[in-house]
Amino acid sequence: MATFAKPENALKRAEELITVGQKQDALQALHDLITSRRYRAWQKTLERIMFKYVELCVDMRRGRFAKDGLIQYRIVCQQVNINSLEEVIKHFMHLATERAELARNQAQALEEALDVEDLEADKRPEDLMLSYVSGEKGKDRSDRELVTPWFKFLWETYRTVLEILRNNSRLEALYAMTAHRAFQFCKQYKRTTEFRRLCEIIRNHLANLNKYRDQRDRPDLSAPESLQLYLDTRFEQLKVATELGLWQEAFRSIEDIYGLMCMVKKTPKASLMVVYYGKLTEIFWMSSNHLYHAYAWLKIFSLQKGFNKNLSQKDLQLIASSVVLAALSVPPYDQSYGASHLELENEKERSLRVANLIGFEVEPKTENRVVLSRSSLLSELVSKGVMSCVTQEVKDLYHLLENEFLPLDLALKVQPVLAKISKLSGKLSSVSSVPEVQLSQYVPALEKLATLRLLQQVSQVYQTIQIDNVSKMIPFFDFTVIEKISVDAVRRNFLAIKVDHMKGAVFFGKQSIEAEGLRDHLSLFAESLSKARTMIYPPAKKAAKLGDALSNLAEIVEKEHSRLLARKSIIEKRKEVQERLLLEMELVEESKRRELQKMTEDAEQKRIAAEYEQRRNQRILKEIEDRELEEAQAMLQEAEKRSKRKKKPVLEGEKMTKQVIMELALNEQLRERQEREKKLQKFAKTMDHLERAKREEAAPLIEAAYKQRLAEEAALHEREQQQEIELSRQRHAGDLEEKKRLGRMLENKRILEERVVSSREAEFNRMKRERQERISQIIQARKQEREARRKMIYFLRSEEERQKRLQEEEEARKREEVERRKKEEAERQAKLDEIAEKQRKRMLELEEKERREKEEILRRPTAVLPTSGGRPTELGGTAPVPAAAATAPAAGKYVPRPLRAKVDAAAPVAPPPETDRWGGSGSKADDRPSWRDERKPTSFASGSRTSWSGSRW
């Protein structure tokens, strides 16, 4: 471990080592200086050293060294200059971010450079080997080699900075900024795992902050500035979690925000609460908790309506429509039906927890079955005036789904309304925290609700219905989806329904006449019938008894009625004026109250800020006084230790100020300095005399030794000179002999050199020709491959066109066949219509003939009756008529009125007449029953909505 007298020397040494390329030694030297206990007092040079130190740590990616150095530097400048630590940390994060971005840009540039267009260019052997062995692309390898290490170092940098700043009240803003930058890093590069770890780190920091409340320089969460920084950090965490799709982490962030609010017993601003509830709506919607989603939207509506003065009418309509549609999207049945006791208790605790997050007051009693319900939500919408702010389409949908009883047409009427609602969406200009409202996301849930309502209403009217009719009545889904919805409703005890696919019918549960749903339906049916009867047969007006006495009663009543109407209109106008005045007064009072409340809040905030500033100044002054007193006491104790004299003891009861202690210490130091100067002067005088005596005695001895040394060195020099001359002569002679020996091999050396050069040149030319031939073969092979590929593509295209042409010809033939069949069907239908027309004319002719015969019989003076032998006999003649024959006229024949009594008395009971093929008892047109007389309603399962039975017409 190297030691330096001054920190500047360590900085210079580090720069010298960096210049010669020894960065590790430079880093170690600076690390030893920073961690040394010798340099605990802050100075500007230490800040420059820290800048150089973090630069080296970033260049060499030494996160552990950086963390140790920053922790030591925090100890040095915590009480002296905390801004220096802030600047160093900012510089550290800036360098790490810059190097990570540079590595990312280099990787992108390398990927672009690798994307070459020359397919015939040779690849490097190492690239081919890496591609075949690893199976990775160039971008993956470049990311792993260049980008990933720097991203790891940047992530470690953020963790290090957060760990250093976690319990420092003076650097809360820097802590919040670091957390925000770490969130943005996770968001930009989609680092979900690191984001979860970051959230857990911040959560642990807050937990430790609450656990260890007696730490020095601990952040005070009751201060408005600290609370706002922590809330901003949590809200940024919530936004990034929702953007990354980490809904579980987003819910935990919601719980963190709620816990922070409960910890300080204070509600954040309305703008932050809108963000809070906006993210809650997204979380509950993704988790299919439609009830909590609707309650969160209701809170957004209340906040925007109460606090947002810039809210436009269009934005208010969109928010109110979202609230109502979210409430309607809640399933109309109990989700916890049929659950066990343990599951119910768990659901109760979860509902209570979520209700607390939403901000509603809920009684935590075990006997309350429902905490938040759909019915209470809808009643709250009406009571808070949400329905008056929604669009007309949403009002119509609410009326259809909640108030109307349309068992056959509900889905058909809901469908166009949903189509209009799906187009109602847009950005909210006056609500920055809720940027966009999409009403189309509620359409599937509303279609499911409409299906459930229709099945519920149909079950109150019918017992059986065909599957085809159900599919026609519900155009939203296929019957398989309808069946799944029905099964869920049956499981939740919302419907009693069975599906029989063998019979193709749906059976609803049996209902008695006393059932409440059927009783209401019958009462509505009775009221409708009563109204129809009143319209068909209006009651007769009774004549007034006083009509004769008071001839002008109608005129008097009309005048009185007009006067009452005018009085009513005047009263209503006065009421409207009074209500308008009251409303204006309430608005004025509300504005005054808000202004007063705002003034009170501003005054309270100013007072709190002043008190906080005063306490802060007092704390700073006290810390300064304590620090000065400690320094003075240390100086005094050090002076007492150095002094050998016995000092006057300082009484503990006396209040010693820094000035008094400084004066005592200065006086003591001055006295000690004077004593030391006197001692030094005496010692210097003694040493001066001693040194003079020593030099006087040693002068002749030194002169003699010098002369002897000169003689010895001259003899030595002469001897060494002679030896060197002799050695030079011997080396020269040896070199001449070596030159003569090697001169004979010069020609052989030249011949060998020419032979080696010629052989290597021939080898080079041969390898060059082989390479050219190999390249030509590769080019020819690739040309043949491209030619084969082009031929294959041409063949595939030709085959595809042929198949397409054959398919078009087949479709044309099928269309011609369909048209021919339609034409034949039309001709056959025309023939059938012609035959039916001829039959109808024949029937009309027969009826006309029968009518003429009847008229002729009625016009005759006497009627002719057939006898038993078949001969006609006049009624007025004297021919004998047998009783049986006279009293038994043929069935269906006309009998005059004078003879009917005799015939009835004498004739036996005739059998019932046979019915003809048209369902009548005779051949007369007047005796045939009409189709309106015998119609009876049958089951709906017969195939059509309404079917009738009876005689044909």
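Residues numbered from 1 in each chain as written. Predicted model: local features only at pLDDT ≥ 70, side-chain atom pairs only at ≥ 80, totals over all residues. Heavy atoms only, no water.

Asks: What is the right way to look at the overall build of the protein in this model?
Replies: Secondary structure assignment for the protein yields 27 helices and seven strands. Relative to its full complement of 953 residues, the protein shows a buried share of 28%. (Helix = DSSP H or I, 4+ residues; strand = E, 2+ residues; numbered from the N terminus. Buried < 20%, exposed > 50% of the residue type's maximum accessible area, 1.4 Å probe, protein only.)

Asks: Hey, could you run me through the packing of aromatic side chains in this one?
Replies: The geometry of an aromatic ring pair comes down to the distance between the two centres and the angle between the two planes. A full pass over the atoms with the stated rule returns twelve aromatic pairs. Judged by centre distance (6.3 Å) and plane angle (85°), the ring pair of F92 and F153 falls under edge-to-face. One end of the pair, F92, is in helix 5 (residues 82–114); the other, F153, is in helix 7 (residues 138–165), and 61 residues separate them in sequence. Assigned by exposure class, F92 and F153 land together as buried. Seen from their ring centres, F284 and Y292 are 5.6 Å apart, and the 55° between their planes marks the pair as tilted. One exposure class covers both F284 and Y292, and it is buried. (Phe/Tyr/Trp six-rings, centres within 6.5 Å; stacked < 30°, edge-to-face > 60°.)

Asks: Explain helix 9 (residues 192–211) to me, please; I cannot follow it from the model alone.
Replies: An α-helical turn contains 3.6 residues, so any two residues separated by three or four positions project in the same direction. Its 20 residues place the ends of helix 9 29 Å apart at the C-alpha level, agreeing with the 28 Å of an ideal helix rising 1.5 Å per residue. All of the buried residues along helix 9 are E194, F195, L198, C199, I201, I202, R203, H205, L206, L209 and N210. (Expected span 1.5 Å × (residues − 1).)

Asks: Before we go on, may I ask you to explain the sheet that holds strand 3 (residues 464–466) in this structure?
Replies: Paired through their backbone hydrogen bonds, the strands of a sheet run either parallel or antiparallel. Sheet architecture is open: three strands sit in the order 3-5-4, paired in antiparallel fashion. Every other strand in the sheet has two partners, leaving strand 3 and strand 4 (497–500) as the edge strands with one partner each. Neighbour-to-neighbour, the strand axes of this sheet turn through a mean angle of 20°, independent of strand direction. Of the pairings in the sheet, the one linking strand 3 to strand 5 (residues 505–508) comprises three bridges and is antiparallel in character. From the neighbouring strand, Q466 faces strand 5, where its bridge partner is A505. (Pairing = 2+ DSSP bridges. Axes fitted to C-alpha atoms, helices over the stretch in contact; angles between N-to-C directions.)

Asks: Explain the confidence of the model for the protein to me, please; I cannot follow it from the model alone.
Replies: Do not read the fine detail of predicted coordinates wherever pLDDT is low. Per-chain confidence: the protein averages 76 in pLDDT, with 77% of residues scoring 70 or above. Looking over the protein, one finds the lowest element-wise mean pLDDT in helix 26 (residues 883–886), namely 40, and the highest in helix 25 (residues 746–859), namely 92. Segment residues 511–516 is flagged for pLDDT under 50; beyond a separation of four residues in sequence, or across chains, it makes eight contacts in the model. Within the model, the stretch residues 905–953 combines pLDDT values under 50 with 44 contacts to residues more than four positions away or in other chains. (pLDDT = per-residue confidence, 0-100. Contact = heavy atoms within 4.5 Å.)

Asks: How do you make sense of the side chain of T178 when you look at a structure like this?
Replies: With respect to the secondary-structure elements, T178 resides in helix 8 (residues 172–188). T178 gets classed as buried once you look at its relative accessible area, which sits at 0%. In contact with T178, other than residues within four places in its own chain, are M93, Y158, V161, L162 and L165.

Asks: Before we go on, may I ask you to explain the pattern of salt bridges in this structure?
Replies: Any two side chains of opposite charge can pair, so long as their charged atoms come close to each other. Inspection of every chain in the model, using the stated rule, returns 52 salt bridges. Residue E604 is joined to R607 by a salt bridge in which the shortest nitrogen-to-oxygen separation is 2.3 Å. Here E604 pairs with R607, and both are found in helix 23 (residues 553–642), just three residues apart, close to one helical turn. Among the ionic pairs, R842 bridges to E845, the shortest N-O distance being 3.9 Å. In this pair, R842 and E845 both sit in helix 25, three residues apart, roughly one turn of the helix. Each of the salt bridges in this network shares a partner with another, and the network as a whole consists of E200, R203, E249, R252 and D256. (Salt bridge = Lys/Arg side-chain N within 4 Å of Asp/Glu carboxyl O.)

Asks: Help me understand the packing of helix 17 (residues 392–402) against helix 18 (residues 410–422) in this model?
Replies: In a pair of packed helices, the angle between the axes and the distance between the axes together describe the arrangement. Remark: helix 17 packs on helix 18, axes separated minimally by 10 Å, with the N-to-C direction vectors making an angle of 155°. Judged on the interaxial angle alone, helix 18 and helix 17 are roughly antiparallel. The handedness of the crossing between helix 17 and helix 18 comes out as left-handed. Residues E393, V394, L397, L400 and L401 of helix 17 touch helix 18, and the partners they reach there are L410, K413, V414, V417, L418, K420 and I421. (Parallel < 35°, antiparallel > 145°, perpendicular 65-115°, else oblique. Left-handed = near helix turned anticlockwise from the far one by under 90°.)

Asks: Would you mind going over a nonpolar patch on the surface with me for this structure?
Replies: Together, M535, I536 and Y537 make up an exposed nonpolar region whose accessible area comes to about 430 Å². Within the secondary structure, Y537 is located in the loop between helix 22 (516–536) and helix 23. (Patch = residues over 30% accessible without salt bridge, like charges linked within 9 Å, V, L, I, M, F, W, Y side chains within 5 Å. Areas by Shrake-Rupley, 256 points an atom, 1.4 Å probe, with all protein chains shown as cover.)

Asks: Whenever I open this one, the pairing of strand 5 confuses me. Can you help?
Replies: The side chains of a regular strand alternate between both faces of the sheet. Where strand 4 meets strand 5, four bridges bridge the pair, whose relative direction is antiparallel. Paired with K498 across the bridge in strand 5 is F507. Between strand 4 and strand 5, which pair antiparallel in sequence order, lie four residues; one of them, G504, sits at a positive phi of approximately 65°.

Asks: Quick question: what am I supposed to make of the packing of helix 14 (residues 313–328) against helix 16 (residues 374–383) here?
Replies: Following both chains from N to C, one finds helix 14 and helix 16 inclined at 155°, their axes separated by 10 Å at the closest point. Judged by the angle between their axes, helix 14 and helix 16 are roughly antiparallel. Seen from above, helix 14 lies across helix 16 with left-handed handedness. Taking contact as the criterion, the partners of V323, V324, A327 and L328 in helix 14 are, on helix 16, R374, L377, L378 and L381. By residue class, the composition of the contact of helix 14 with helix 16 is seven nonpolar, no polar and one charged. (Nonpolar A, V, L, I, M, F, W, Y, C, P; charged D, E, K, R; others polar.)

Asks: What am I meant to see in unusual backbone geometry here?
Replies: The phi torsion of most residues other than glycine is negative, and most of the peptide bonds are trans. The phi angle at R61 is positive, at roughly 55°, despite the residue not being glycine. Assignment of secondary structure puts R61 in the loop between helix 3 (44–60) and helix 4 (63–77). When its relative accessible area of 40% is taken as the criterion, R61 is described as partly exposed. A positive phi angle, close to 55°, is found at K190, a residue other than glycine. In this structure, K190 sits in the loop between helix 8 and helix 9.

Asks: Help me out: how do you make sense of the nonpolar core in this one?
Replies: Buried together is how nonpolar side chains tend to be arranged in soluble globular proteins. The biggest cluster of nonpolar side chains holds 161 residues, and the ones touching the most others in it are F195, Y276, V324, L397 and V414. In this structure V414 touches L397, L400, L401, A450 and F476, once residues within four positions along its chain are discounted. (Core = buried A, V, L, I, M, F, W, Y, C linked by side-chain atoms within 4.5 Å.)

Asks: Any chance you could explain the side chain of Q457 here in plain terms?
Replies: Tracing the backbone shows Q457 in helix 19 (residues 443–461). Accessibility expressed as a relative area gives 6% for Q457, which makes it buried. Contacts of Q457, omitting those with residues within four sequence positions, involve E404, F405, L406, P407 and L410.

Asks: Is there a simple way to think about the environment of L372 in this case?
Replies: You can see L372 is positioned in the loop between helix 15 (341–358) and helix 16. Residue L372 is classed as buried on the basis of its relative accessible area, which comes to 12%. Separated by 77 residues in sequence, L372 and Y295 place their C-alpha atoms 8.8 Å apart.

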